[in-house]
Each structure stands twice: as C-alpha cells, then as structure tokens.
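Survey of secondary and tertiary structure
As a plain string of letters, each chain reads:
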Amino acid sequence: MNYWLFKTEPEECSIDDFAKAPDQAIVWEGVRNYQARNFLRDQVRTGDLVFVYHSSCKDIGIAGVAKVVQNSYPDPSQFNSSSPYFDAKSTGTKAPWVAVDLQFVEKFTRLLSLDKLKQSTKLEQLPLVKKGNRLSVMPVSSAEWQHIIKMSQDKGNCDEARETT
DNA sequence: GCCAACGTTGGC
DNA sequence: GCCAACGTTGGC
C-alpha cells in the first residue's frame, strides 16, 4: 500500500465534494503532466491512501483523506471536446492521460495549512513544500504520512518546537 | 493580479 | 538535441 498527495482546486473538486457522497467513487481526471501521470498510471493502486490538498484558493493545505478504489484507466475527459481537459491529440489508440477513482475517507477537523507543513522539519523532503514545485500527484512516505496525520489531529496546531525529541 | 518557477513546444 | 519562447501553476 502506498501513500499519495493529490492537488486540487477546491472550486473544482474539494474534500466537501467527497464528503457529500461518501459512498461514491469520484473520478480523478484532468492530470496533464507527465510525471504526475506516470505516478497515476504505474504506481497508484486500489487501496492506496491519498491526502486531498487544496491549492490556488483562500485556505491552502491538506483538507482530508481519500482512498483509491480503481486503478488507472484512460481519462475520459481527454476525449470530451466540451471538457477543459480535452486533448485533441488523444485518440483511442494514443491516449496519454489516465484517471483513477477515489472515495471519501475523512475530512480533517481543521485544514492543515501549507504554512504548518512548511514549518515541519520532518516534511522537508516532501516535494510539496519545495520552492517552485508544481507536481500535482506526489508520493508521501509512510513516516511523512503518519506525521501529517498526527499534525492534523493536534488541536493546538502542531508546535514544531516541541518536536525535537 | 503579480510573477517566479517550472514544463512544454517548436525552430533550427 | 539544444534552447528560447511561451503557457501554466500556484503562492502571495
């Protein structure tokens, strides 16, 4: 089982959209970056857990958790000329983009902000917090996952100063 | 809205 | 295959 972080603009697909339909599989489509695509296609598997990260919005950060319920398959939006993700170069035999299906797991009681993630010395290797990073599907190590979960449950917000054990 | 950082494109 | 120009991402 692997851990991931997926970026989304909440106006498009937020943790609340998952929470509204907790029993439904939600199509995660529109990834149009090769590195992210390769992760989706080759490594993201049913049963993996995913942090849902809200970007390009007022409250930036990790909003909750989803799980993968369907391995990658051709992204239907690449064939849909009315979709913003339409790719005119995609044909039945040459369709570079893939989607996976996700399902709701939990919404954090409070969003874990990018600011807090950046403060944690334990997350320095996470591509998300690196300057200029644009990867929209990225692996999260088991240690990072546990730590982020812990931070999300810390009521008084995570005090990194007390982390020097 | 700005703009730095990045990925992609296309001429050569 | 190089690399300048361009378009996009995404925090601020």
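Given the structure is predicted, the values throughout are model-derived calculations rather than measurements.

Here the focus is the protein's contact with DNA strand C. All residues in the neighbourhood of DNA strand C are listed as Lys 7, Tyr 53, Ser 55, Ser 56, Ile 60, Leu 114, Lys 118, Asn 133 and Arg 134. The sugar-phosphate backbone supplies 78% of the atoms of DNA strand C found within 4 Å of the protein. Here a phosphate oxygen of DNA strand C sits 3.1 Å away from a polar atom, N or O, in the main chain of Ser 56. Of the residues that constitute the surface near DNA strand C, the class distribution is 3 nonpolar, 3 polar and 3 charged.

All right, on to the environment of Ala 66 then. Relative to the assigned elements, Ala 66 resides in strand E4 (residues 61-74). Given a relative accessible area of 0%, Ala 66 falls into the buried group. Separated by 76 residues in sequence, Ala 66 and Ser 142 have C-alpha atoms that sit 16 Å apart. Not counting residues within four places of it along the chain, the set of residues in contact with Ala 66 comprises Phe 18, Asp 48, Leu 49, Val 50, Val 52, Leu 102, Gln 103 and Val 105.

Now for the pairing of strand E5 (residues 98-113). Note that strand E2 (residues 26-28) and E5 share 3 bridges and pair antiparallel. Across the sheet, Trp 28 pairs through a bridge with Val 100, a residue of E5. Here E4 runs beside E5; their pairing, made up of 10 bridges, is antiparallel. If you follow Ala 66 over to E5, its bridge partner there is Phe 104.

This part takes up the sheet that holds strand E1 (residues 3-8). If you trace the 6 strands from one edge of the open sheet to the other, you get E2-E5-E4-E3-E1-E6, paired in mixed fashion. Every interior strand has two partners, whereas the edge strands, E2 and strand E6 (137-140), have only one. Pairwise comparison of adjacent strand axes, ignoring direction, gives a mean angle of 40° for this sheet. Direction of pairing for E1 relative to strand E3 (residues 49-54): parallel, over a ladder of 6 bridges. Paired with Leu 5 across the bridge in E3 is Phe 51. Each of E1, E3, E4, E5 and E6 touches helix H4 (residues 142-153); the most contacted strand, E5, lies at about 45° to it.

Locating Ser 72 in the fold gives a position in strand E4. Taking the C-alpha atoms as reference points, Ser 72 and Val 27, 45 residues apart in sequence, are found 10 Å from one another. Setting aside chain neighbours within four positions, we find Ser 72 in contact with Leu 40, Arg 41, Val 98, Ala 99 and Val 100.

Reading the values: the criteria
- Residues numbered from 1 in each chain as written.
- Chains lettered and ligands numbered in written order.
- Predicted model: local features only at pLDDT ≥ 70, side-chain atom pairs only at ≥ 80, totals over all residues.
- Heavy atoms only, no water.
- Near = heavy atom within 4 Å.
- Polar contact = N/O pair within 3.5 Å; in protein donor to acceptor, adjacent residues only side chain to side chain.
- Nonpolar A, V, L, I, M, F, W, Y, C, P; charged D, E, K, R; others polar.
- Helix = DSSP H or I, 4+ residues; strand = E, 2+ residues; numbered from the N terminus.
- Buried < 20%, exposed > 50% of the residue type's maximum accessible area, 1.4 Å probe, protein only.
- Contact = heavy atoms within 4.5 Å.
- Pairing = 2+ DSSP bridges.
- Axes fitted to C-alpha atoms, helices over the stretch in contact; angles between N-to-C directions.

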